[in-house]
Amino acid sequence: AMMEATPSLRTVMMDSGVKGEFRVRELEKIAGTGTSETVHKEFGVRITVDPSLVYFNPRLATERARVALSVKGGEKIIDMFAGVGPFAITLARKARVVFAADLNPAAVHLLVHNIALNRAANVIPMLADAAHLARIGFEPFDRIIMNLPMAAPQFLATAAGLCRDGGTIHLYALQEEEGEYLPLIRAVTSGEVTERMVRTYSPGKWHAVYDITVKKEGC
Ligand code: SAM
C-alpha cells in the first residue's frame, strides 16, 4: 500500500528500533527490490546512510542547522560520535577543520564516502573510541559535538579536556528532568550553560542539548 501511494519508493522496511553500542536498526524488508542504503538530503548536504549498519536520524536536521549558525569562520571542531557525518559535514562549510570520530567501522566507511560526496575535504575521519581521544595530543578545540544521547555525559570530562578556554561543548542527553545533567556539568566547568529540548523521545523522556561554554580555572 505504501509503494502504491508513493511510486518513488524502492523499498519498505519494518523497523524494530535502535539497538546496541552502535545504535543501529533491526530492519526487515517487507516490500520492494532495493537495499537499506539510501541518500538523505538536508540543507544542501547529501548523506549516504544504511540504518541497518549505522545510526542516522533525519529529525536532527534543524538542530544541525542551529549549531552551524553559531560556528564562526576558522573554528577547529571535533565530533566525538560522528556516525556517517551529518554534523561534521554541515559544520565543515564554516569551520577550518572538523575531526569526526566514530567507533563503528561501517559508520566511518560511509563517513569517508560522504566526505567525498560533499567535497568536504576539511573533515578528517577517524575510527576511534571517544574515550581515547585525549591521548592523541590534539591542540584544544573551539567546539565539540557530543551526540550519543544514551551515554555522552560519561565522556564529558574527556570533552572538557579537549576544549579550549571559552570554547563550546554541545552535549546531547536523554533526560527525564529539566537540568538533570547540570550537576555533572558543574563538576567539570563553571562556564555558562543553556539547555533546550531537541525532541521528545518517549513518554516522560526527551532528547536535550546543553550548550556549554568551557571556563578553565586559572586561564
Ligand atoms: N552524530 C551522528 C548523527 O547525528 O547522526 C551519530 C550519532 S549516534 C546517536 C552515536 C554514534 O556514536 C554512533 O554512530 C556510534 O557508533 C558511536 N559511538 C558509540 N560509542 C562510541 C565511542 N565510545 N566512541 C566513538 N563513537 C561511539
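Data block above holds the structure.
We now turn to the structure provided with this report. (Residues numbered from 1 in each chain as written. Predicted model: local features only at pLDDT ≥ 70, side-chain atom pairs only at ≥ 80, totals over all residues. Heavy atoms only, no water.)

**With respect to the sheet that holds strand β11 (residues 205-213)**
Next, step 1: Reading across from one edge, β7-β6-β5-β8-β9-β11-β10 is the order of the 7 strands in this open sheet, with mixed pairing throughout. The strands lining the two open edges of the sheet, one partner per strand, are β7 (123-127) and β10 (193-202). This sheet shows a mean twist of 15° between the axes of neighbouring strands, independent of strand direction.
Next, step 2: Both strand β5 (residues 76-79) and strand β8 (residues 141-146) contribute to a ladder of 3 bridges, which runs parallel. Bridging across to β8, Ile77 finds its partner in Arg143.
Next, step 3: Packing against the sheet, helix α4 (residues 105-117) makes contact with β6 (97-102) and β7, and its axis sits at approximately 165° to β7. (Pairing = 2+ DSSP bridges. Helix = DSSP H or I, 4+ residues; strand = E, 2+ residues; numbered from the N terminus. Axes fitted to C-alpha atoms, helices over the stretch in contact; angles between N-to-C directions. Contact = heavy atoms within 4.5 Å.)

**A short note on the environment of Leu156**
Next, step 1: Structurally, Leu156 can be placed in helix α5 (residues 156-162).
Next, step 2: In the structure, Leu156 is positioned 15 residues away from Leu171 in sequence and 7.9 Å away in space, judged by C-alpha atoms.
Next, step 3: Apart from the residues lying within four places of it in its own chain, the contact partners of Leu156 are Met146, Ile169, Leu171, Leu184, Ile185, Val188 and Ile212.

**Considerations on the side chain of Asn57**
Next, step 1: Looking at the secondary structure, you find Asn57 in the loop between β4 (45-49) and α2 (61-70).
Next, step 2: For Asn57, a relative accessible area of 7% gives the class buried.
Next, step 3: In terms of polar contacts, Asn57 uses its side chain to reach the side chain of Tyr55, at 3.3 Å.
Next, step 4: There is a polar contact of 2.8 Å between the side chain of Asn57 and the backbone nitrogen of Arg59. (Buried < 20%, exposed > 50% of the residue type's maximum accessible area, 1.4 Å probe, protein only. Polar contact = N/O pair within 3.5 Å; in protein donor to acceptor, adjacent residues only side chain to side chain.)

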